[in-house]
Amino acid sequence: MAKIIVVTSGKGGVGKTTTSAAISSGLALRGHKTVVIDFDIGLRNLDLIMNCERRVVYDFVNVIKGESTLRQALIKDKRCDKLHILPASQTRDKDALDPEGVEKVLNELADDGFEYIICDSPAGIEHGAFMALYFADTAIVVSNPEVSSVRDSDRILGILQSKSRRAERGESVEEYLLLTRYNPERVEKGEMLSVEDVQEILATRLLGVIPESESVLKASNQGLPVIYDSTSNAGLAYSDAVDRLLGEDVEHRFLSVGNKKLLQRLFRRSA
Amino acid sequence: MPASPSPKPDSSASSLSFRLKGGLFPLTLLELIDTDPLKLRKDLAQKMAEAPAFFQQAPIVLSLEQIQPPLQAAELSFIRDLCREFGLIVIALRGSNDHLQDAASAMNLALLPASKVKKSESQSEGEPDIEGLLSPQTNQSEQPCPEDVQAQKDEETVVRMPAAPETKIVTTPVRSGQQIYAAGGDLVVLAPVSAGAEILADGNIHVYGPARGRILAGVRGNRSSRIFCQALEAELVSIAGYFKVNEDLRQHHWKQSVQVSLTDETLNIDCLG
């Protein structure tokens with residue numbers, strides 16, 4: 001049974017694609033056969049972050065329209081052979097996705113033995129985002145510690161529990177919150193919402209808190225998912241999040257200033 | 001709104017893929033008085049604005065009994081589309097003339113027999129004027145007596161029971177952008193109500209969790225309805241159309257357990273316990 005996980009947020013630029021790349025790589029590195037699908041038709045980014053943009057021949061829309069087979073469109077990750085990428089089309093728009101087509105592709109992936117299907121959602125609450133979340137069993141809602149982002153996450157949680165296929169069948173979608181760009185120093189100064197503030201508003205299980213880190217930008221530009229960077233707090237936090245997704249009980253870290261400084265000291269010593 | 005949940009089929013039942021059952025459903029009757037399209041659109045828009053939740057995807061019966069001369073097929077199609085635009089689903093016609101029958105069947109509309117008392121002017125005929133219930137400032141004590149659609153004639157099932165007020169219980173968070181309406185009764189929410197969410201009830205509203213959205217009790221004019229909440233952080237509270245917004249609410253009892261009630265034209269917010 002394949003598990004379909006949507007990475008969504010409502011708001012743009014909060015780190016959905018970074019998270020999709022990190023989580024899918026993390027699952028594959030732990031030995032699970034995983035595929036990550038870019039649902040952001042027209043604004044294709046995932047292939048850049050995964051560093052496979054030069055190998056894109058066919059895409060998700062081609063498969064839906066029957067212009068190529070799924071096998072032709074899937075790109076095998078160079079770093080981990082358990083991971084495959086299904087890129088988005090850059091030349092079409094989001095209306096090219098239809099529920100029957102998406103369902104067909106998801107079923108075919110499940111029949112191919114994929115254990116995890118990660119759907120990287122576009123921003124917004126329109127058709128593209130809806131297609132990405134409709135079939136989800138689990139949702140990772142990415143949010144920044146900032147009021148408008150949290151409000152949009154709340155909105156998307158409402159849509160998940162009312163408009164998704166599981167909701168229509170009277171079941172619920174398993175929901176997780178992933179807080180990104182977290183800066184404990186700014187939280188302490190009162191410039192940023194704290195984890196507790198966000199938790200109080202959203203009342204959703206916390207999958208992880210990813211500290212704000214230069215390594216995230218560096219990783220994006222290099223086309224290497226940040227989870228591979230075991231020297232960065234962001235990479236370690238993503239790794240913890242994957243363990244939690246797999247049901248392990250891991251304590252949250254990098255939440256306070258002191259904790260961060262201690263780790264920096266440790267790293268400096270080991271360097 | 002089904003009258004009762006359908007029981008599970010028992011093993012001894014025949015192998016039919018369905019069963020036919022009688023049911024009584026409350027329906028709103030839209031009685032046309034004027035067919036001028038512009039006026040109709042304007043009036044509908046105004047009415048919808050007063051109680052948007054009430055009309056969401058509401059099935060209605062279109063009554064043409066007051067219309068002279070008889071409606072043309074094109075006009076009927078226009079009115080059906082106009083209703084749809086405002087979220088009303090026309091499911092049947094009442095008092096249609098002979099030459100509309102083909103048009104009605106082409107539009108998949110059922111035909112209901114004309115009411116027994118032709119051109120009734122007063123509301124004492126068992127058809128209360130629902131408008132009075134919608135305008136928030138009127139104090140209407142009588143219960144609405146819904147129009148019935150009978151799917152099956154069975155003398156035993158047609159005994160009309162006075163509708164017991166139904167309580168709607170919500171156990172999951174009400175998120176931003178969601179709207180929950182408890183028609184005809186109370187609403188109990190056992191979870192947070194987020195900012196940007198809207199909860200409405202014809203009766204009382206209870207929120208056991210932070211109440212951050214818009215909370216409207218007695219939306220059909222019941223002035224004795226109340227709001228109870230564990231932590232008042234609402235964007236707006238309203239009883240029977242009388243409301244207070246966030247700015248005013250922050251002055252007193254903010255984030256405390258309160259009840260909200262209405263006396264005369266004033267909303268009272270009192271601490272609980």
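Residues numbered from 1 in each chain as written. Chains lettered and ligands numbered in written order. Predicted model: local features only at pLDDT ≥ 70, side-chain atom pairs only at ≥ 80, totals over all residues. Heavy atoms only, no water.

**Examining the confidence of the model for chain B**
Residue and element names in this part refer to chain B.
Now for step 1: The pLDDT averaged across chain B works out to 77; a share of 74% of its residues lies at or above 70.
Now for step 2: Ranking the elements of chain B by mean pLDDT puts helix α4 (residues 130–134) last with 42 and strand β7 (residues 187–189) first with 97.
Now for step 3: A low-confidence stretch, residues 1–13 (pLDDT under 50), is modelled with 11 contacts involving residues beyond four sequence positions or located in other chains.
Now for step 4: With pLDDT under 50 throughout, residues 118–158 is counted as low confidence; its partners more than four residues away or in other chains account for 72 contacts.
Now for step 5: Both scores are given for the predicted complex: the pTM is 0.66, the ipTM 0.75. (pLDDT = per-residue confidence, 0-100. Helix = DSSP H or I, 4+ residues; strand = E, 2+ residues; numbered from the N terminus. Contact = heavy atoms within 4.5 Å.)

**Some thoughts on empty space enclosed by the protein**
Residue and element names in this part refer to chain A.
Now for step 1: This model, assessed by the stated rule, comprises one cavity of 30 Å³ or more.
Now for step 2: What the largest cavity holds in volume is close to 40 Å³.
Now for step 3: Lining the largest cavity we find G208, V209, A237, D240, R244, H252, R253 and F254.
Now for step 4: Of the residues contributing to the lining of the largest cavity, the split by class is three nonpolar, two polar and three charged. (1 Å grid on protein atoms, 1.4 Å probe; cavity = no way out; pocket = protein on both sides within 12 Å on 5 of 7 lines; lining within 4 Å. Points joined across faces, edges and corners; volume = space filled by probe spheres on them. Nonpolar A, V, L, I, M, F, W, Y, C, P; charged D, E, K, R; others polar.)

**Observations regarding a nonpolar patch on the surface**
All names here are of chain B.
Now for step 1: Taken together, the side chains of L16, F18 and L20 make up a nonpolar region of the molecular surface, amounting to roughly 390 Å² of accessible area.
Now for step 2: Following the sequence through the fold, L16 ends up in the segment before β1 (28–31).
Now for step 3: The exposure class of L16 is exposed, given its relative accessible area of 57%. (Patch = residues over 30% accessible without salt bridge, like charges linked within 9 Å, V, L, I, M, F, W, Y side chains within 5 Å. Areas by Shrake-Rupley, 256 points an atom, 1.4 Å probe, with all protein chains shown as cover. Salt bridge = Lys/Arg side-chain N within 4 Å of Asp/Glu carboxyl O. Buried < 20%, exposed > 50% of the residue type's maximum accessible area, 1.4 Å probe, protein only.)

**A look at the packing of helix α1 (residues 16–29) of chain A against helix α12 (residues 233–245) of chain A**
All names here are of chain A.
Now for step 1: One way to put it is that α1 packs onto α12 with a least axis distance of 9 Å and a crossing angle of 65°. You can see that α1 and α12 cross each other, and the crossing is right-handed. Counting all contacts with α1, which are made through T18, T19, A22, I23, G26 and L27, the residues of α12 involved are Y238, A241, V242 and L245. (Axes fitted to C-alpha atoms, helices over the stretch in contact; angles between N-to-C directions. Left-handed = near helix turned anticlockwise from the far one by under 90°.)

**Observations regarding the nonpolar core**
All names here are of chain A.
Now for step 1: Ranked by internal contacts, the top residues of the largest apolar core, which has 50 residues, are F39, F60, L86, V102, L109 and I117.
Now for step 2: Among the elements that take part in this core, helix α7 (residues 147–163) stands out by supplying five residues, more than any other.
Now for step 3: Residue contacts for F39: discarding those within four places in its chain leaves F60, L97, V102, C119, D120, S121, P122, G128, M131 and A132.
Now for step 4: Among the nonpolar cores identified, the runner-up in size contains 37 residues, and A21, I118, L178 and A219 belong to it. (Core = buried A, V, L, I, M, F, W, Y, C linked by side-chain atoms within 4.5 Å.)

**Considerations on the packing of aromatic side chains**
Residue and element names in this part refer to chain A.
Now for step 1: For the structure on display, the rule yields three aromatic pairs over all chains.
Now for step 2: Relative to F60, the ring of F39 has its centre 5.1 Å away and its plane inclined at 75°; by these criteria the two rings are edge-to-face. Taken together, the residues F39 in the loop between β2 (34–38) and α2 (46–49) and F60 in helix α3 (residues 60–64) connect sequence positions 21 residues apart.
Now for step 3: Residues F130 and Y134 carry aromatic rings whose centres are separated by 5.6 Å and whose planes lie at 50° to one another, so their mutual orientation is tilted. Here the residue F130 and the residue Y134 both occupy positions in helix α6 (residues 127–134), the gap between them amounting to four residues, near one helical turn. (Phe/Tyr/Trp six-rings, centres within 6.5 Å; stacked < 30°, edge-to-face > 60°.)

**A few points about the interface of chain A and chain B**
Now for step 1: Of the residues lining the interface, 12 residues belong to chain A; the matching set on chain B comes to 10 residues.
Now for step 2: Across the interface of chain A and chain B, roughly 870 Å² is buried in total on both sides, 38% from carbon and sulfur atoms.
Now for step 3: Between R175(B) and E175(A) there is a salt bridge, and its shortest N-O distance comes to 3.1 Å.
Now for step 4: Our enumeration of links across chain A and chain B arrives at eight residue pairs in polar contact (both at pLDDT 80 or more).
Now for step 5: If you list the elements that add at least two residues to the side of chain A that touches chain B, you get α7 and α10 (195–202) of chain A.
Now for step 6: Take the side of chain A that touches chain B: its biggest share by element is six residues, from α7(A).
Now for step 7: Of the residues contributing to the side of chain A that touches chain B, the split by class is four nonpolar, three polar and five charged. (Buried area = accessible area lost by both parts, 1.4 Å probe. Polar contact = N/O pair within 3.5 Å; in protein donor to acceptor, adjacent residues only side chain to side chain.)

**A word on the side chain of S149(A)**
All names here are of chain A.
Now for step 1: Here S149 lies in helix α7.
Now for step 2: Given the relative accessible area of 1%, S149 is considered buried.
Now for step 3: Of the polar contacts made by the side chain of S149, one reaches the side chain of S143; its length is 3.2 Å.
Now for step 4: Setting aside residues no more than four positions away along its own chain, S149 makes contact with K11, V14, S143 and N144.

**Let's talk about the environment of G124(A)**
All names here are of chain A.
Now for step 1: Tracing the sequence through the fold places G124 in the loop between β5 (116–120) and α6.
Now for step 2: For the pair G124 and D152, spaced 28 residues apart in the sequence, the C-alpha separation amounts to 8.7 Å.
Now for step 3: Excluding anything up to four places from it in sequence, G124 contacts G10, A129 and I156.

**Observations concerning the packing of α6(A) against α7(A)**
Residue and element names in this part refer to chain A.
Now for step 1: It is the contact of α6 with α7, at a shortest axis distance of 10 Å, that shows an interaxial angle of 55°. Here α6 lies oblique to α7, going by the angle between them. Judged by the sense of rotation from one axis to the other, the crossing of α6 with α7 is right-handed. Taken together, the residues of α7 that come into contact with α6 (itself represented by F130, L133 and Y134) are I156, I159, L160 and K163.
Now for step 2: Residue classes in the contact of α6 with α7 are distributed as six nonpolar, no polar and one charged. (Parallel < 35°, antiparallel > 145°, perpendicular 65-115°, else oblique.)

**What to know about the sheet that holds strand β4 (residues 110–112) of chain B**
Residue and element names in this part refer to chain B.
Now for step 1: Across the sheet, which stays open at both edges, the four strands sit in the order β1-β2-β3-β4 with parallel pairing between neighbours. Two strands close off the open sheet at either side, each with one partner strand: β1 and β4. Strand-to-strand twist of the sheet, defined as the mean angle between neighbouring strand axes without regard to direction, takes the value 40°.
Now for step 2: When strand β3 (residues 88–94) meets β4, the two strands line up parallel, connected through three bridges. Considered in β4, the bridge of R94 is made with L112.
Now for step 3: This element, helix α2 (residues 73–85), spans β1, β2 (58–63) and β3 of the sheet and lies at about 145° to β3. (Pairing = 2+ DSSP bridges.)

**Regarding the pairing of strand β1 (residues 3–8) of chain A**
Looking along a regular strand, one sees side chains alternate from face to face of the sheet.
Residue and element names in this part refer to chain A.
Now for step 1: Counting buried residues along β1, five of its six residues qualify, which places the element largely inside the surrounding structure.
Now for step 2: Relative to β5, β1 runs parallel, the two being bridged by five bridges. Residue pairing for β5: V7 is matched across the bridge by D120.
Now for step 3: Bridge count between β1 and strand β6 (residues 138–143): four bridges; the pairing is parallel. Looking at β6, one finds that T8 is bridged to V141.

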